[in-house]
Amino acid sequence: MSRLDILQAALEAALGARIKKLVRDRGELTITVAAADYLAAATQLRDDPSLHFEQLVDICGVDYSAYKDQPQEGPRFGVVSHLLSVKHNWRVRLKVFCPDDDLPVVDSITPVWNSANWFEREAFDLYGILFDGHVDLRRILTDYGFIGHPFRKDFPTSGHVEMRYDPEQKRVIYQPVTIEPREITPRIIREDNYGGLH
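In this report, we go over the structure that sits alongside the text. (Residues numbered from 1 in each chain as written. Predicted model: local features only at pLDDT ≥ 70, side-chain atom pairs only at ≥ 80, totals over all residues. Heavy atoms only, no water.)

Focus on the layout of surface pockets
Next up, step 1: Looking at the largest pocket, its volume works out to about 540 Å³.
Next up, step 2: Together, 17 residues line the largest pocket, and T30, Y64, Y67, R93 and K95 are the ones closest to its centre.
Next up, step 3: Going through the elements one at a time, β1 (19-25), β2 (28-33), β4 (77-85) and β5 (90-97) are the ones with two or more residues in the lining of the largest pocket. (1 Å grid on protein atoms, 1.4 Å probe; cavity = no way out; pocket = protein on both sides within 12 Å on 5 of 7 lines; lining within 4 Å. Points joined across faces, edges and corners; volume = space filled by probe spheres on them. Helix = DSSP H or I, 4+ residues; strand = E, 2+ residues; numbered from the N terminus.)

Pasting the structure below:
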């Protein structure tokens, strides 16, 4: 029995029906839980002695619309957490989907791992995912006047506004985007002997 088999058995025993999906790929395990079970599952992953995931390594927001250039069936936004057990020397990926695309919300797991604080703020800032119970959910990478969430697939590449320093007003100002969108076509070389090749 491999270490991955032992971890999978421990996860299935501890979480049981809370696991909606378990994927074993490239020597890693990913478990998906329902939004209603997210906080309880995170707590169980930390506190169960057979698992002992005492460390949260990362949290990522994901916009699954057109994921892998395929239309998404099911919820659009997800949250993916990467957990580490130093005691057992194993890792697991915990995935949850936000049930409502218009108002993506899942529970905050900062009560379980306080390191989730800034990761959840980043997912809120970049994807607009709300974390219920987070004590200080505000932007962390964009400024306070920023409109929208720049990692959403429907956010325009050039953004909505640009900022620049105005020497007359002696301050930074915001203005509509002045960049003209254009399509870049790569140069095609049609010479037979280009670069000394025959």
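Digging into the state of the cysteines
Next up, step 1: The tally for this structure, following the rule as stated, stands at 0 disulfides.
Next up, step 2: We note that C60 lacks a disulfide partner, and the nearest cysteine sulfur, in C98, lies 13 Å from it.
Next up, step 3: Note on C60: relative accessible area 26%, which makes it partly exposed.
Next up, step 4: Judged by relative accessible area, C98 falls into the buried class, the value being 0%. (Disulfide = S-S within 2.5 Å. Buried < 20%, exposed > 50% of the residue type's maximum accessible area, 1.4 Å probe, protein only.)

Quick notes on the pattern of salt bridges
Next up, step 1: In the structure shown here, the tally under the stated rule is 8 salt bridges.
Next up, step 2: One salt bridge in this structure joins R46 and D47, with 2.6 Å as the shortest N-O distance.
Next up, step 3: A residue is classified by how much of its surface remains accessible, and R46, at 26% relative accessible area, is partly exposed.
Next up, step 4: A salt bridge links D154 to R76, with the nearest nitrogen and oxygen atoms 3.3 Å apart. With D154 in the loop between β7 (130-132) and β8 (161-166) and R76 in the loop between β3 (55-63) and β4, the pair connects residues that are 78 residues apart, well separated along the chain.
Next up, step 5: A single network of salt bridges, built from pairs that share partners, joins D63, R76 and D154. (Salt bridge = Lys/Arg side-chain N within 4 Å of Asp/Glu carboxyl O.)

Overview of a nonpolar patch on the surface
Next up, step 1: A surface patch of nonpolar side chains, amounting to about 520 Å² of accessible area, comprises V161, M163, Y165, V172 and Y174.
Next up, step 2: Listed by contribution, the elements that provide at least two residues to the nonpolar patch are β8 and β9 (171-176).
Next up, step 3: The greatest single-element share of the nonpolar patch, amounting to 3 residues, is contributed by β8. (Patch = residues over 30% accessible without salt bridge, like charges linked within 9 Å, V, L, I, M, F, W, Y side chains within 5 Å. Areas by Shrake-Rupley, 256 points an atom, 1.4 Å probe, with all protein chains shown as cover.)

Concerning the sheet that holds β4
Next up, step 1: The sheet built from 5 strands is open, its strands ordered β1-β2-β5-β4-β3 with mixed pairing. A single partner strand is all that each edge strand has here, and the edge strands are β1 and β3. This sheet shows a mean twist of 20° between the axes of neighbouring strands, independent of strand direction.
Next up, step 2: Note: β4 against β5, 8 bridges, orientation antiparallel. (Pairing = 2+ DSSP bridges. Axes fitted to C-alpha atoms, helices over the stretch in contact; angles between N-to-C directions.)

Quick notes on unusual backbone geometry
Next up, step 1: Here the phi dihedral of R26 falls at roughly 55°; this positive angle occurs in a residue that is not glycine.
Next up, step 2: Tracing the sequence through the fold places R26 in the loop between β1 and β2.
Next up, step 3: Among the residues examined, R26 registers a relative accessible area of 74% and is labelled exposed.

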